[in-house]
Amino acid sequence: MSKPVILTGLRANNDLTIGNYFGAILPMIEMAERRAGEFQINMFVPDLHSFTTPIDHDRLLEQILQAGRMFVAAGLPLDHDDINLYRQSYVPAHSELTWILDCFTGVGEMGRMIEYKDKSAKLGDDRVSVGLFKYPILMAADILLYGAIYVPVGEDQRQHLEYARDISERMNTHFGELFTVPLPLEKQTEFFGKGQALRIMDLADPSKKMSKSDESGKGVIFLADNPDEAAKKIMSATTDDKASVNYNPIEQPGISNLLQILALLRGHPIDDVEAAYKGQSSYGDFKRMVADEVAGFLTAFQVKLADVDDNAVISAFERSEKIANEQANATLLKVQQAVGLRPRD
Ligand code: TYM
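Residues numbered from 1 in each chain as written. Predicted model: local features only at pLDDT ≥ 70, side-chain atom pairs only at ≥ 80, totals over all residues. Heavy atoms only, no water.

**Things to note about the overall build of the protein chain**
At step 1: Looking only at helices and strands, one finds 14 helices and 4 strands in the protein chain.
At step 2: Computed over C-alpha atoms, the radius of gyration of the protein chain comes to 21 Å, within 12% of the 20 Å expected from 2.2 N^0.38 for 345 residues, which places it in the range of a compact globule.
At step 3: Projected onto its principal axes, the C-alpha coordinates of the protein chain cover approximately 70 × 45 × 40 Å.
At step 4: Burial statistics for the protein chain: of 345 residues in total, 55% are counted as buried.
At step 5: Of the contacts made within the protein chain by residues no fewer than 6 positions apart, 75% connect residues no fewer than 24 positions apart.
At step 6: Taken as a whole, the protein chain presents about 15200 Å² of accessible surface, with 51% of it coming from carbon and sulfur.
At step 7: If you average the places of the 36 positive and of the 50 negative side-chain charges in the protein chain, the two averages end up 2 Å apart. (Helix = DSSP H or I, 4+ residues; strand = E, 2+ residues; numbered from the N terminus. Rg over C-alpha atoms; globule rule 2.2 N^0.38 Å. Buried < 20%, exposed > 50% of the residue type's maximum accessible area, 1.4 Å probe, protein only. Contact = heavy atoms within 4.5 Å. Areas by Shrake-Rupley, 256 points an atom, 1.4 Å probe, with all protein chains shown as cover. Lys, Arg positive; Asp, Glu negative; His and termini not counted. Charge placed at Lys NZ, Arg CZ, Asp CG, Glu CD.)

If you want it as structure tokens, here you go:
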């Protein structure tokens, strides 16, 4: 880990969405394309995180591989020494470090996590697992084992990233310099620019995040969706009765979300895209254009996806898991020594 590390992971609990793509995959790929050499890039599948909420376990293995394929289709190079692609459960140090961090984390601290509150409210008490409750601790271990300083994530993960900073500072205060503390969120936003801390909203209910675990999937564009079906989802997106296109997420969340998606698809700043369509009164025409762009994007993405060689993904997993185990075990040993589980040198 001689180079600074940029790291992110996407759970394989369901197919990935355009929210995942713009919130986390794209900022990571841009870094992999532009900055590998200067940074170590760790892209991983947090497979243990994938069943903090109930899933169909018969599909998990395939979904883990599919996540790997999608990263490659999005542009992750597999032939660069500084780019790692691995599965969390193949690096046992993640679970080991989690247990240690568990013992330095307050129950109240986890209970305050908004994602936990939201997800547990939806599930009902008897379906809320301990895993869901403490998943930010595993996420902190994912980050701290490699000393990652930059972690591109969507807005929903900001609080978890704050916790990763808190627990690393707390451990460093107790035990001396054990962990590299991830950079504060403002610094991350500066570094990643537009892609950091995004929140793409559900098309049917723009008051909530577009989520791959949404049960109906009506307001969610999955990267593997049939492009015509995806276009239909855009055409039936919930808007408002103002008959004027504006970027105003509070008053016009549906239209603002479509503007945001359009800006991301074109790679243009939201202000420019808003200026181009501001005041347009026909939502039908506006939606048609967004629908066409979404369909075009998915068609191109799916061509690349179909071209991905599974063996190349599996070999990248295996190669990277060797490296990840070495790096993670070195950090874990320092922690085990600090807490008194292993003799100090
Ligand atoms: P997960 O799998 O729920 O989501 C993966 C990434 O996609 C982002 N995202 C979104 N961004 C914008 N708009 C949306 N609608 C949207 N939906 C999801 C998420 O913010 C996330 O960045 N705990 C993490 C996975 C994880 C992780 C890590 C991430 C595990 N360990 C270590 C970074 C570092 C999660 O559940 O993400």
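Still more to cover.
**What to know about the packing of helix α11 (residues 253-266) against helix α13 (residues 283-307)**
At step 1: Packing of α11 against α13 brings their axes to within 10 Å, and their N-to-C directions diverge by 40°. Between α11 and α13, the crossing angle belongs to the class labelled oblique. Handedness of the α11/α13 crossing: left-handed. Together, I255, L258, L259, I261, L262, L265 and R266 of α11 and Y283, F286, K287, M289, V290, E293, V294 and F297 of α13 make up the contact between the two elements.
At step 2: Class assignment of the residues belonging to the contact of α11 with α13 gives a composition of 12 nonpolar, no polar and 3 charged. (Axes fitted to C-alpha atoms, helices over the stretch in contact; angles between N-to-C directions. Parallel < 35°, antiparallel > 145°, perpendicular 65-115°, else oblique. Left-handed = near helix turned anticlockwise from the far one by under 90°. Nonpolar A, V, L, I, M, F, W, Y, C, P; charged D, E, K, R; others polar.)

**What about the site of the ligand?**
At step 1: Looking at the ligand, there are 27 residues lining it, with D142, G154, D156, I200 and K212 nearest.
At step 2: Between an oxygen atom of the ligand and a side-chain N or O atom of Y135, the distance comes to 3.3 Å.
At step 3: Residue I200 places a main-chain N or O atom 2.7 Å away from a nitrogen atom belonging to the ligand.
At step 4: Within the complex, the protein chains bury 99% of what would otherwise be the 710 Å² of accessible surface of the ligand.
At step 5: Given that more than half its atoms are within 2 Å of the pocket grid, the ligand belongs to the largest cavity.
At step 6: By residue class, the composition of the shell around the ligand is 13 nonpolar, 8 polar and 6 charged. (Near = heavy atom within 4 Å. Polar contact = N/O pair within 3.5 Å; in protein donor to acceptor, adjacent residues only side chain to side chain. 1 Å grid on protein atoms, 1.4 Å probe; cavity = no way out; pocket = protein on both sides within 12 Å on 5 of 7 lines; lining within 4 Å. Sits in = over half its atoms within 2 Å of the grid points.)

**A closer look at the domain arrangement of the protein chain**
At step 1: Partitioning the protein chain into domains gives domain 1 (5-192 + 309-339) and domain 2 (227-305).
At step 2: Domain 1 and domain 2 are separated by 30 Å when their C-alpha centres are compared.
At step 3: Each partner contributes to the interface: domain 1 provides 8 residues, whereas domain 2 provides 7 residues.
At step 4: Each partner contributes to the roughly 750 Å² buried at the junction of domain 1 and domain 2, and carbon and sulfur atoms together form 87% of this total.
At step 5: Where domain 1 packs against domain 2, one counts 0 salt bridges.
At step 6: Run the count over domain 1 and domain 2 and you get 0 residue pairs in polar contact (both at pLDDT 80 or more).
At step 7: Looking at the side of domain 1 that touches domain 2, the elements with two or more residues in it are α1 (18-35) and α2 (60-73).
At step 8: Per element, the largest residue contribution to the side of domain 1 that touches domain 2 is 4 residues, and it comes from α2.
At step 9: Each residue belonging to the side of domain 1 that touches domain 2 can be placed in one class, and the counts come to 6 nonpolar, 1 polar and 1 charged. (Domains from an automatic or database assignment. Buried area = accessible area lost by both parts, 1.4 Å probe. Salt bridge = Lys/Arg side-chain N within 4 Å of Asp/Glu carboxyl O.)

**What to know about empty space enclosed by the protein**
At step 1: For the coordinates displayed, the defined rule picks out 4 cavities of 30 Å³ or more.
At step 2: The computed volume of the largest cavity comes to approximately 540 Å³.
At step 3: Residue lining of the largest cavity: 33 residues in total, with G9, N20, D156, Q157 and K212 positioned closest to the centre.
At step 4: If you list the elements that add at least two residues to the lining of the largest cavity, you get β1 (5-9), α1, α5 (114-123) and α7 (135-144).
At step 5: When grouped by side-chain class, the residues that make up the lining of the largest cavity number 14 nonpolar, 10 polar and 9 charged. (Points joined across faces, edges and corners; volume = space filled by probe spheres on them.)

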